[in-house]
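Structural overview for review
The residues making up each chain are set out below.
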Amino acid sequence: MKNYIGLALALISIIGCNKKQEASNTVTAEKDTLPATCNKPAKKEFKMYEMSQMAALMEQMYVDNQRLKERIIKGDTIGTFPKHILNIHSSAMTDESDNDAFFKEQAAKFIKAQQLIYSDPDNAKQHFNDAVSSCVQCHEGKCEGPIPRIKKLYIK
């Protein structure tokens, strides 16, 4: 009886190994018929995203305005106008064709509203919201993506 069980196990393992060998040969045959480019893994070149000067400036202005919003809400001193905002006219954009008359007009409105926050702190909340509105208006015409984020800056 032990001999029959041993013989059955030996046959099962031999048959199983032959099926694996046949499957392996089939895959190899299919691989050989593919074009040479399919046999090699494609090399993907990793490219690090680099922000344009304008995108970096806008990120900085966003952070500045978050802090300014907190100071206005708490009634703290406003501080001094951040001069780097004036770089909005000279910073390189991702798409230079966006630096048109519309953008320049909106940028001037934004700078004026920002300066009013610091020169007229009694009405800082209104001037701040005007500055945020100028950002939204510009982005409605140029790049709508950040509008929901910008709207979070409004002081209610």
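Right, let's walk through the structure included here. This one's a predicted model, so the numbers in the text were calculated from it and none came from an experiment. (Residues numbered from 1 in each chain as written. Predicted model: local features only at pLDDT ≥ 70, side-chain atom pairs only at ≥ 80, totals over all residues. Heavy atoms only, no water.)

1. A word on helix α4 (residues 101-119)
Across its 19 residues, α4 extends 27 Å between first and last C-alpha, which sits within 8% of the 27 Å expected from 1.5 Å per residue. Those residues of α4 lying buried are Phe103, Gln106, Ala107, Phe110, Ile111, Ala113, Gln114, Ile117 and Tyr118. Down the axis of α4, the smallest arc covering the buried residues is 165 degrees, so these residues share one side. Along α4, the residues that are exposed and aim more than 90 degrees away from the buried face are Ala101, Lys112 and Ser119. Those residues of α4 that are buried lie in contact with α3 (53-74) and α5 (124-141). (Helix = DSSP H or I, 4+ residues; strand = E, 2+ residues; numbered from the N terminus. Expected span 1.5 Å × (residues − 1). Buried < 20%, exposed > 50% of the residue type's maximum accessible area, 1.4 Å probe, protein only. Arc of directions from axis to C-beta. Contact = heavy atoms within 4.5 Å.)

2. Considering the packing of α3 against α4
Look at α3 against α4: their axes get within 13 Å of each other, and the N-to-C directions meet at 30 degrees. Relative to α4, the element α3 lies roughly parallel. Where α3 crosses over α4, the handedness of that crossing is left-handed. Here Met54, Met58, Met61, Asn65, Leu68, Arg71 and Ile72 of α3 come into contact with α4, specifically with Phe103, Phe110, Gln114, Ile117 and Tyr118. For the contact of α3 with α4, the per-class residue count stands at nine nonpolar, two polar and one charged. (Axes fitted to C-alpha atoms, helices over the stretch in contact; angles between N-to-C directions. Parallel < 35°, antiparallel > 145°, perpendicular 65-115°, else oblique. Left-handed = near helix turned anticlockwise from the far one by under 90°. Nonpolar A, V, L, I, M, F, W, Y, C, P; charged D, E, K, R; others polar.)

3. Points about the environment of Ala56
By the element assignment, Ala56 lies in helix α3. A C-alpha to C-alpha distance of 9.8 Å links Ala56 and Met93, two positions 37 residues apart in sequence.

4. Re the packing of aromatic side chains
Counted according to the given criterion, the structure contains one aromatic pair. Their ring planes at 80 degrees and their centres at 5.9 Å tell us that Phe81 and Tyr118 sit as a pair that is edge-to-face. In this pair, Phe81 is assigned in the loop between α3 and α4 and Tyr118 in helix α4, connecting sequence segments 37 residues apart. Classification of Phe81 as buried rests on a relative accessible area of 12%. (Phe/Tyr/Trp six-rings, centres within 6.5 Å; stacked < 30°, edge-to-face > 60°.)

5. Side note on α3
Each full turn of the α-helix corresponds to 3.6 residues, which orients residues three or four apart in the same direction. Taking 1.5 Å of rise per residue, the 22 residues of α3 would be expected to cover 32 Å, and the 32 Å separating its terminal C-alpha atoms lies within 8% of that figure. The inward-facing, buried residues of α3 abut α4, α5 and α6 (147-151). Positive phi appears at Gly75, one or two residues downstream of α3, with a value of about 80 degrees.

6. Remarks on the side chain of Gln114
Secondary-structure assignment places Gln114 in helix α4. Sequence-distant contacts of Gln114, defined by excluding residues within four places in its chain, comprise Asn65, Phe81, Ile85 and Ala131.

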